[in-house]
Amino acid sequence: MGYSLDFGWLADATGAIARGAAMTILLIAVTTLAGTFLSILGAAGRRNGPLLLKRAIGVYVEIIRNTPFLVQLFFIFFGLPSIGVRLDPLLAAILAMTLNMAAYTIEIVGAGLDAVPRGQTEAALALGLRLRQVFVKIVLPQALKVIFPALTSQIIIMMLESAVVSQIAVRELTYEADMLQARTFRAFETYFVVTMVYLVLSMGLRRLLVSGGRRALGAGVS
Amino acid sequence: MIEFTFWDIVRNLLLAARWTVLLSLAAFVGGGVVGMLVLFFRIAKNKWARRLASGYIALFQGTPLLMQLFLMFFGLPMLGLRIEPWTAAALGLTFFASAYLAEIWRGGVDALPRGQWDAGASLGLHYLQELRLIILPQAFSITRAPTVGFLVQLIKSTALTSIIGFEELVRTSNAINNATFEPFTVYGLVALIFFVMCFPLTQYARSLERRATSN
């Protein structure tokens, strides 16, 4: 025993931790936008697309949902170069995160689209809106409102999973923690502090999404 | 230099997959036991017990599993415990699973009508008997689908233990990849093995869910 905790290194480490946290926030921001967009396309395609597209989307969703994110990341970063697709770590991380998140949110968005009553589409068409306008202006906002809590949870899960991309040397929060503990030899303290930073990030992100969602989608978003 | 044929790769990966299965089972059983304990606190009559359990769940659901594993791996030796990757992995995943399972099962308990408790009390059962005979059997039965769904998540989560040095499927695949330089094949096969383990469970969870909604 005789081990005593030492946080003396923390003063010099705040810069690195802040940089790492900023990168984690950047990753999740890009992934959220790209993933949500992709899943809206995917969910719409799965409902109204040609049969082949429906099948392809179904297969994609099942493959991603039944394999670990870490393996997907390694496959994209280490595996794809052997068929000629070479990505730098940051791009590989964003691609892996987006593809992973979209597989989960396609189902969520799809459930939201199903929840909008058919009469909404019919009424909008009767008013002379074109099909695309009906989808973008009438159906989608109502669907997003229904699924907003589920979407928020998925975004936070993805933010926590992003810790894994440190393994391909993306300089986010976990990567900075690895570097710090190698320098300070204070592994437990370092990971403890960084874990708390993640906790604050996930709680802050939830607050932000809920209040932002209320403003964008109107009342009733919880 | 050792030459690896395709079948050597497959054989080695399948041998390593045994550890993935074993770790998943250990964490699921361990997580179930600890999760029950957390559940008792979470639905207790005492306000502080409930808060404690909520905090525990929020902590594990609000931080990355990778960080939890690192804290196990580096933290337990400070308590004087000799720790190996297997112990850290099994304990880390057990606590992780306990938080999620407790929260799933609490959803089941909350979904039961208040009258179930009242009926139990009017039959003269005391608290623990009510839980054991009336509440928990029903709560488990309506949460079977999400529980199986979480098992899938747990199996996938074992991949992270490769990072703290536990020799499961992913860590073995890294070693094989370093020897063969065939990442496309190796990681493709790893994904396939995980898929074969998880997909039947996913389908099972789905059929449970369908059965639950049709009732």
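Residues numbered from 1 in each chain as written. Chains lettered and ligands numbered in written order. Predicted model: local features only at pLDDT ≥ 70, side-chain atom pairs only at ≥ 80, totals over all residues.

For chain B, an unreviewed UniProt entry supplies the name Amino acid ABC transporter membrane protein 2, PAAT family and the organism Mesorhizobium muleiense. According to UniProt, the comment filed for chain B under the heading Sequence similarities (unreviewed entry) is "Belongs to the binding-protein-dependent transport system permease family. HisMQ subfamily." (UniProt positions renumbered as here; feature names shortened; annotations may be inferred.)

Going by what an unreviewed UniProt entry lists, chain A is known as Polar amino acid transport system permease protein and is assigned to Mesorhizobium muleiense. Taken verbatim from the UniProt record of chain A, the Sequence similarities (unreviewed entry) comment is "Belongs to the binding-protein-dependent transport system permease family. HisMQ subfamily."

S.K.: I would appreciate a short explanation of the packing of helix H7 (residues 173-184) of chain A against helix H8 (residues 187-217) of chain A in the present structure.
M.R.: Axis angle and axis distance: for two packed helices, these are the angle between their axes and the distance between the axes, and together they describe the pair. Residue and element names in this part refer to chain A. Axis separation between H7 and H8 bottoms out at 8 Å; the angle between their running directions is 160°. When the axis of H7 is compared with that of H8, the two are roughly antiparallel. Read as a crossing pair, H7 and H8 show a hand that is right-handed. Where H7 approaches H8, its residues Leu 173, Thr 174, Ala 177, Leu 180, Gln 181 and Thr 184 are matched on the opposing element by Ala 187, Thr 190, Tyr 191, Val 194, Val 197 and Tyr 198. Here the contact of H7 with H8 is built from residues that sort into eight nonpolar, four polar and no charged. (Axes fitted to C-alpha atoms, helices over the stretch in contact; angles between N-to-C directions. Helix = DSSP H or I, 4+ residues; strand = E, 2+ residues; numbered from the N terminus. Parallel < 35°, antiparallel > 145°, perpendicular 65-115°, else oblique. Left-handed = near helix turned anticlockwise from the far one by under 90°. Contact = placed C-beta atoms within 7 Å. Nonpolar A, V, L, I, M, F, W, Y, C, P; charged D, E, K, R; others polar.)

S.K.: Is there a simple way to explain the nonpolar core in this structure?
M.R.: Burial of nonpolar side chains together is a common tendency in soluble globular proteins. Val 71 and Leu 73 of chain A together with Leu 69 and Val 190 of chain B are the most contacted members of the largest nonpolar core, which has 111 residues in total. Setting aside anything within four residues of it in sequence, one finds Val 190 of chain B in contact with Val 71 of chain A together with Leu 13, Leu 169, Val 170 and Ser 173 of chain B. (Core = buried A, V, L, I, M, F, W, Y, C linked by C-beta atoms within 7 Å. Buried ≥ 20, exposed ≤ 12 C-beta atoms within 10 Å, placed from the backbone.)

S.K.: What exactly am I supposed to notice about the UniProt feature "transmembrane region" (unreviewed entry) in chain A here?
M.R.: Residues and elements named next belong to chain A. The sites that UniProt annotates as "transmembrane region" (unreviewed entry) are residues 20-45, 57-78, 90-113 and 190-209. Split by type, residues 20-45 is 100% helix and 0% strand. Its first and last C-alpha atoms lie 37 Å apart. The span residues 190-209 carries 100% helix and 0% strand; its end-to-end C-alpha distance comes to 28 Å.

S.K.: Any chance you could explain the UniProt feature "transmembrane region" (unreviewed entry) in chain B here in plain terms?
M.R.: Residue and element names in this part refer to chain B. Under the UniProt annotation, the feature "transmembrane region" (unreviewed entry) is placed at residues 20-41, 53-74, 86-105 and 186-205. When the span residues 20-41 is considered, its composition is 100% helix and 0% strand, and the gap between its end C-alpha atoms is 31 Å. The span residues 86-105 shows a helical share of 100% and a strand share of 0%, and its end C-alpha atoms are spaced 28 Å apart.

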